[in-house]
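Survey of secondary and tertiary structure
Here's the letter readout for the chains.
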Amino acid sequence: MSTTAPSLKRSLRLFDAVNLGVGSMIGAGIFVVLAPVAALAGTWWWLAVMLAVVVAIANALAVAALAMKHHSSGGAYLYGTRELGPVPGFLAGWGFVTGKTASCAAMAYTVGLYLAPDLAVPLGLAAIILVTGVNLLGVTRTALAARVIVIPVLILLVALSVAALSGGFFQYDDAAPVLESGPDSPWLVLQAAGLMFFAFAGYARIATMGEEVREPRKNIPRAIMIALSITLAVYALVWMAGVASIGVKGLASSPAPLETVAESVGWPVWLITVGAAVAALGALLALVAGISRTALAMSRERDLPEAFGQVSESHGVPWFAQIVVAILAALLIMATDPTTIIGFSSFGVLVYYAIANASALKLSASQRPRFSPAWLNAVGLVLCVALVVTLPLTSILVMIGVYAVGLALRWVLRRNAKLV
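1. Observations regarding the overall build of the chain
Counting its secondary structure elements, the chain contains 16 helices and two strands. Burial analysis of the chain (420 residues in total) assigns 58% to the buried set. For the chain, the accessible area works out to roughly 16200 Å², and carbon and sulfur atoms hold 69% of it.

Here it is in structure tokens:
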């Protein structure tokens, strides 16, 4: 029924890859991070968002450049292994797999939280089962589902933003955002930027599925930049709409900021409730697909057990890795909440992209495209490290422990492989 270490089928067109990237970013960010970023940065929210944007662009260009050279699954895990060595590659892959598995739990919980808060856990578990089932049917089914989810969510967010901006500009309450203050410390702006970056990390899913994209040298860089550009435009609209309609304090204090924005412009709240749940479902769909491909790549290099390399002959997907991710996310959903897990995920993802930027610095002049100069890779590396150290101390300490466990597991696997 399955084989180990075959190549995956190149079934994804440019449009499919863009949809997967946009679905990952929109669902993972805009319905989750507005409140904590506004609470930390206050009226300096725009600076936190801009810092996150700069980091995202630098990272995206580094990944796009590396994808032109390396066309297999794995993303920065593959790039780090090929360009820097096995240990840096492992750190990238382990951070992605563990951090994003936790994010799966957060996204699944978000689905339930928006639909029916009292049933958040069972609905989250149902979401994991549904998404895993779709992914197991093959990457073309994943791409089709992403298309069905992403386009309506984008239309909803743009329409809400236009309505809120019109109301904000023409019916502005002089006593609202003007009197709000900035953060108590510049450090909080950096911390907010680190959390905001969580929302832009979806383009990594395109790179991790590089083995399934048609004409990868051309389409992967294009898909990454198109997906990021669309997301940046939508995020800018939503942030401005939120501040114009309910103010920074309103965003910071609301458990569901976009629902509060909808109320302020007279929209039915259920539209945002359904949109948020659908967007989180789309992010979960792409997360499970991306994590399983990275796990597949790590298995090929003996950084994870060989079982993670099993690919279904009938549907061409790493089925074992997908099932394991689903089981772990289901266990985590009963012990975590979306807000807390953002810090854990941000740590792993920032390490992942720091290694991607360091890998891009190793590209020779003949291998380096014009859009990703070495100085930009250096800026991306420095900013990733800077944002990592500003994350909450609990997130840093927990993730250091997670990395220690991963390195110990890798040592055991390597040692046993030498003994065989």
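Still more ground to cover, so stick around.
2. Digging into the packing of helix α2 (residues 34-41) against helix α10 (residues 216-253)
What describes two packed helices is the angle between their axes and the distance between those same axes. In the contact formed by α2 and α10, the axes pass within 10 Å of each other and the chain directions differ by 65°. With respect to the hand of their crossing, α2 and α10 are arranged in right-handed fashion. Of the residues in α10, those in contact with Leu34, Ala35, Val37, Ala38 and Ala39 of α2 are Val238, Trp239, Val248, Leu251 and Ala252. Tallied by class, residues from the contact of α2 with α10 come to ten nonpolar, no polar and no charged.

3. Some points on the pattern of salt bridges
One pass over the structure, following the stated rule, counts three salt bridges. The residue Lys69 makes a salt bridge to Glu83 at a minimum N-O spacing of 2.8 Å. Here Lys69, found in helix α3 (residues 45-69), pairs with Glu83, found in helix α4 (residues 76-83); they are 14 residues apart in sequence, far enough to count as distant. The exposure class of Glu83 is buried, given its relative accessible area of 12%. Sharing partners across several salt bridges, the network here consists of Asp303, Arg410 and Arg414.

4. Some points on the packing of aromatic side chains
For the structure on display, the rule yields nine aromatic pairs. Look at Trp44 and Trp46: their rings are 5.7 Å apart centre to centre, the planes differ by 25°, and that puts the pair in the stacked class. Assessed through its relative accessible area of 40%, Trp44 is described here as partly exposed. Under the relative-accessibility criterion, Trp46 is labelled partly exposed at 43%. Aromatic side chains Phe96 and Tyr352 sit 5.0 Å apart centroid to centroid with 35° between the ring planes, which places their arrangement in the tilted category. One end of the pair, Phe96, is in helix α5 (residues 86-115); the other, Tyr352, is in helix α14 (residues 338-361), and 256 residues separate them in sequence. Across this residue pair, the class does not change: Phe96 and Tyr352 are buried.

5. What to know about a nonpolar patch on the surface
A contiguous nonpolar patch, built from Ile323, Ile327, Leu328, Leu331 and Met334 and spanning about 470 Å² of accessible area, is present on the exposed surface. Here Met334 shows up in the loop between α13 (319-332) and α14. Residue class for Met334 comes out exposed when judged on its relative accessible area of 54%.

6. As for the nonpolar core
In terms of nonpolar packing, the biggest core is built from 136 residues, with Ile26, Phe31, Leu157, Met196, Trp239, Leu284 and Tyr353 touching the most fellow members. Residue contacts for Leu284: discarding those within four places in its chain leaves Cys104, Met107, Ala108, Ala127, Ile128 and Val131.

7. With respect to the side chain of Ser103
Secondary-structure assignment places Ser103 in helix α5. Beyond its immediate stretch of four places on either side in the chain, Ser103 contacts Phe198, Leu287 and Ser345.

8. Considering the environment of Ile323
By the element assignment, Ile323 lies in helix α13. Residues Ile323 and Ser292, spaced 31 residues apart in sequence, show a C-alpha to C-alpha distance of 8.8 Å.

9. Topic: the packing of α5 against helix α6 (residues 120-136)
Relative to each other, α5 and α6 sit at 130°, their axes nearing to 7 Å. With respect to α6, the element α5 is oriented oblique. With respect to the hand of their crossing, α5 and α6 are arranged in right-handed fashion. Every residue of α6 that contacts α5 at Ala108, Tyr109, Val111, Gly112, Leu113 and Leu115 is listed here: Ala120, Val121, Leu123, Gly124, Ala127 and Ile128. By residue class, the composition of the contact of α5 with α6 is ten nonpolar, two polar and no charged.

10. Brief notes about helix α12 (residues 269-300)
Its 32 residues place the ends of α12 47 Å apart at the C-alpha level, agreeing with the 46 Å of an ideal helix rising 1.5 Å per residue. Most of α12 sits out of view: 26 of its 32 residues are buried.

11. Observations regarding the environment of Val53
Turning to its location among the elements, Val53 is positioned in helix α3. Once residues within four sequence positions are removed from consideration, Val53 is found in contact with Phe200 and Leu232.

12. Considering the confidence of the model for the chain
The predicted coordinates should not be examined in detail at positions where pLDDT is low. Residues with a pLDDT of 70 or more make up 85% of the chain, whose mean pLDDT is 80. The weakest mean pLDDT in the chain belongs to strand β1 (residues 2-4) at 45; the strongest belongs to helix α15 (residues 374-389) at 91. Segment residues 1-5: pLDDT under 50, and 16 contacts once partners within four positions in sequence are set aside and those in other chains are kept.

So, how was this worked out
- Residues numbered from 1 in each chain as written.
- Predicted model: local features only at pLDDT ≥ 70, side-chain atom pairs only at ≥ 80, totals over all residues.
- Heavy atoms only, no water.
- Helix = DSSP H or I, 4+ residues; strand = E, 2+ residues; numbered from the N terminus.
- Buried < 20%, exposed > 50% of the residue type's maximum accessible area, 1.4 Å probe, protein only.
- Areas by Shrake-Rupley, 256 points an atom, 1.4 Å probe, with all protein chains shown as cover.
- Axes fitted to C-alpha atoms, helices over the stretch in contact; angles between N-to-C directions.
- Left-handed = near helix turned anticlockwise from the far one by under 90°.
- Contact = heavy atoms within 4.5 Å.
- Nonpolar A, V, L, I, M, F, W, Y, C, P; charged D, E, K, R; others polar.
- Salt bridge = Lys/Arg side-chain N within 4 Å of Asp/Glu carboxyl O.
- Phe/Tyr/Trp six-rings, centres within 6.5 Å; stacked < 30°, edge-to-face > 60°.
- Patch = residues over 30% accessible without salt bridge, like charges linked within 9 Å, V, L, I, M, F, W, Y side chains within 5 Å.
- Core = buried A, V, L, I, M, F, W, Y, C linked by side-chain atoms within 4.5 Å.
- Parallel < 35°, antiparallel > 145°, perpendicular 65-115°, else oblique.
- Expected span 1.5 Å × (residues − 1).
- pLDDT = per-residue confidence, 0-100.

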